[in-house]
Structure formats: C-alpha cells, structure tokens
Amino acid sequence: MTSPQSDPAPQPPQPPQGHAHGHTHSHGPAAPVSKHLRKVIAAVVIPFATAVVVGLIAFWPGGAPDHERTGVGFDRQTQDGKVVKVVKVDCADVNAAQVPPTGDTSTPSGREAVNEQEGECAKATVEVTSGDDKGRKFVEVVQPDAPRQLREGQGVVVAYAPDAPRDLQYSVTDVNRKIPMTLLAAIFALAVIAVGRLRGVMALVALAVSFAVLTLFILPAILQGSNPLVVAVIGASAIMLAALYMCHGVTARTSVAVVGTLISLLLIGLLGSLFIGWADLSGNTDDNTGLIHGLYPDIDMSGLLLAGVIIGSLGVLDDVTVTQTSAVWELHQADPQMGWRGLYRAGIRIGRDHIASVVNTLVLAYAGAALPLLLLFSIAQSSVGTVANSELVAEEIVRTLVGSIGLVASVPVTTVLAALVVSADRPGAGTSSSTAAAPARTGRGRRRKA
C-alpha cells in the first residue's frame, strides 16, 4: 500500500498486481462470477439436470427381471465353501482323465490326458458353509495340470446344480477372495481420504453413487428391454452430474465442465452409433455376451456395446473437462485482462500435453485388457490386417478410437466454453458483496490507476 504512494512511476506495469491477485485465490475456491452469468449457466444446466431426473423416473426398472437359471457360466446358484482336507492320490485311481480311444497322444488333449492319468491328483474334501445345505461335504478332484490348486483351510465358491445326482450337485468354481478384496478397498479409501481429505471423502461418495446408478438403474433397465443407448446416456449423465458437483462444488466452473462433458458424450454417442453399425459389430463376441443374448434375446447387443463405450469414456472425460476448465479459470485470475482468445490459446497448450498422455493411457488400458486375445493371434502368426478385421479386436479398436476422438474433442470444446464464460464475466453490482470481494478489489484498483 505504501510503495504506490511513495513511488508512482512503477504504476503502469500491471502484471505484479495481477499476479498477486491470482496468488491470493489460486489455493482457494474458484473466483465467483456475476449473478447475470450464473443465471445464464443455470438456464443451460437446470433443464439438462431436469431432463436427466425425468429420464431416471421414466426408465426406472424396479429391479432385474426373474428368470430360470440355466446352470451355465455365471448363471448358476452359488454358495460359500471351505476346503477341510486335501490328500494326494494317483490320478488313475480316481479316473481323473481318459486317454482317447484311438490312443493318439499327438494332440494336446491326448498328451494332457496321459499326463493326468500318470500324475498325482489332489482329492479335496469341501464343506458348504452357507445356504440350506450348510455343513454338507463333497469331494473335489483337482488334476495336476489344473491352473488352480486347492489347499486345506482355503475359502472357495461352490456351484449348486439341483437337477444333478446328489453326489455331483456341488462343485468348486472359484476361490473366495472377499477378504483380500475388502482389505484392498479399505486401503484405497484410506489413501484417498488421507491425501484428498474432504475432497477425497466426496470422491468416495460420488464413486458409491456411480455404482448405485450402474447397478440399480443402468443394468436392470437394459435387462428389462429398454434401449441400451438411451439408458446409458441417462445413467452416464446422472453419474456425471453427481460426481462433478459432489467433488468440485456447485460453481460456474463445474457447470462449464458439465456442459463440455455433455457435448463430448453426445459426440461419442453419434460416432459410436455410426461406426458400430457401419462395421457390422454385433456385440455378441464371447461366451458371456452369448449367454446374455440367450437369456434375454430382446436385448440389442450392438446397443449394449455402444452403451459400454459411452460409460467407459465418461471417467476420463470428467478428468479432462475439469482440468481444462480449472486451467482457464486460473489463467484468468493470474491475468484478468486477458481476452477469451488469449485464454483459449494458453488453455489449449495445456490441453495438448494432457490429451497426449490421456489418449495413450486409454489405448494401453484397452490393449492390456485384450492382451490374452492379442497373444492368441500372435501364436497363430496372423497378420495385422487379419487381427484388426476380426470382430473381437475390431470391437476394441472402435471402442478405443471413438472414445479417444471424444476425449480429443473435449479439450477445445471445454477450453473455448471456459474462455468465453470467464472472459464475458463482469462482476459488479450484480454480484453479492460476500462473493464479489476479490473481483471488486481488482476493479477499484484499476479505477484508482485511471
């Protein structure tokens, strides 16, 4: 306060004061915008949020439809079990495998059968620990080449086939991983809260809301026969609104990120619908999707594929749009006199660095998920063109590229929206005194210089 009075000459250079203003608010919440601009943003966001609520009510499924279990794959009755005893026995004594009648051991199945007959098997006694048959015991024979070996005291998941003979009604299908998975989830939650504090808590709440929307609305509504694309758009929009506003507050900055995310999701939906149809992707490519189609033949499997593309892209989109909006807001606070074009140019430079890493991350994530499949093609020595043309891989390529295009587009879209909004703001009489203190100080400073 004393230096401008004692030495008026340095007054024309303004960056120091603009920097001081930016530093004052860079560690706190976003600078408020005028009441008029808040009304404009609300006029866009409130109808959208209302439409999402109406869509949730209109398409609310009320639970998944009932069906008779087929006993295939995941569609089986399961209970908890525990391995109480394991003994080693000769595989031939328990008839663990049969050599082909021709005696041909040149095939992989024939060699495997011989190895299993000559090897040492594990004979496990398993006790059912839940359900109506709690306490019942049965025997499970584990072959020596089985990928999963059982040990005494191990928790397992057992499948129940009521129509099978009594001695064959129960079988081990998987290992019980509830304890390590629960512990890992607890460590994750503690890490998020320890680093993020209140923001971390709100992020976990938003995560719970996302799972609730997915399990209570999106999945049951698709099973009820609703259009998967419509359901995915409504559900993804609900997740987006809850996650962004819970984690980042009900502010103009968050609202700009919401609008940018919405535009990008619409682009992903249009591109996905076009190229999934053009490439004749059925969405029925493995045993799980085949089982779903068999149980619910009315489900549009290609629409289900498109819904997965939209939901899968949402999480990364949120990150990009919030980051870009925050960057533009901080640039404006650092230099309030920068116009929207300058803000856009500075923000897009940040976005280019961000999008380069995000797209690479997305591609590697999909490639990692499809790694066993790619390995099979490599073993078969298939050409790149053959691999890419197969529906299994083409599905992942379309999913990756459509999502990546939406991510790339979200950077300029969100950046220009944020630049236009924050540069058009004119805090003054329309802003309440409690929220406009910082912008008012900047305005009075400029009037004193004038």
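Since the model is a prediction, treat every value here as computed from it, not as a measurement. (Residues numbered from 1 in each chain as written. Predicted model: local features only at pLDDT ≥ 70, side-chain atom pairs only at ≥ 80, totals over all residues. Heavy atoms only, no water.)

Peer 1: Go over the side chain of Q154, please, and point to the residues and values.
Peer 2: Checked against the element boundaries, Q154 lands in the loop between strand 3 (137-142) and strand 4 (155-160). For Q154, the contacting residues outside a window of four places in its chain are G81, K82, V83, Q149 and V175. (Helix = DSSP H or I, 4+ residues; strand = E, 2+ residues; numbered from the N terminus. Contact = heavy atoms within 4.5 Å.)

Peer 1: Summarise the nonpolar core; cite the residues concerned and give the values.
Peer 2: Within soluble globular proteins, side chains that are nonpolar tend to cluster in buried spots. Formed by 57 residues in total, the largest nonpolar core has its most connected members in F48, F217, M240, V258 and W329. Those elements giving two or more residues to this core turn out to be helix 3 (35-58), helix 6 (198-223), helix 7 (228-248), helix 8 (252-278), helix 10 (301-334), helix 11 (340-369) and helix 14 (391-424). It is helix 10 that provides the largest number of residues to this core, a total of 11 residues. Core analysis: the next-biggest nonpolar cluster, separate from the first, contains 12 residues, A124, F138, V156 and Y170 among them. (Core = buried A, V, L, I, M, F, W, Y, C linked by side-chain atoms within 4.5 Å. Buried < 20%, exposed > 50% of the residue type's maximum accessible area, 1.4 Å probe, protein only.)

Peer 1: Before we move on, can you summarise the packing of aromatic side chains with the specific residues and values?
Peer 2: Overall, the coordinates contain 4 aromatic pairs when judged by the stated rule. With a centroid separation of 5.8 Å and 20° between ring planes, the pair formed by W60 and F217 is classed as stacked. Here W60, found in the loop between helix 3 and strand 1 (77-90), pairs with F217, found in helix 6; they are 157 residues apart in sequence, far enough to count as distant. The partly exposed category is assigned to W60, whose relative accessible area is 47%. By the ring-pair criterion, three or more aromatic residues cluster together here, those being F138, Y160 and Y170. (Phe/Tyr/Trp six-rings, centres within 6.5 Å; stacked < 30°, edge-to-face > 60°.)

Peer 1: Before we move on, can you summarise the pairing of strand 4 with the specific residues and values?
Peer 2: Regular strands place their side chains on alternate faces of the sheet. Pairing analysis gives 6 bridges linking strand 1 to strand 4, with the strands arranged antiparallel. Looking at the pairing, G81 lines up with V156 of strand 4. Relative to strand 5 (residues 170-175), strand 4 runs antiparallel, the two sharing 5 bridges. Looking at the pairing, A159 lines up with S171 of strand 5. (Pairing = 2+ DSSP bridges.)

Peer 1: Lay out the sheet that holds strand 2 (residues 120-128) with the relevant residues and their values.
Peer 2: Across the sheet, which stays open at both edges, the 5 strands sit in the order 3-2-1-4-5 with antiparallel pairing between neighbours. Where the open sheet ends on each side, the last strands, each with one partner, are strand 3 and strand 5. Pairwise comparison of adjacent strand axes, ignoring direction, gives a mean angle of 45° for this sheet. (Axes fitted to C-alpha atoms, helices over the stretch in contact; angles between N-to-C directions.)

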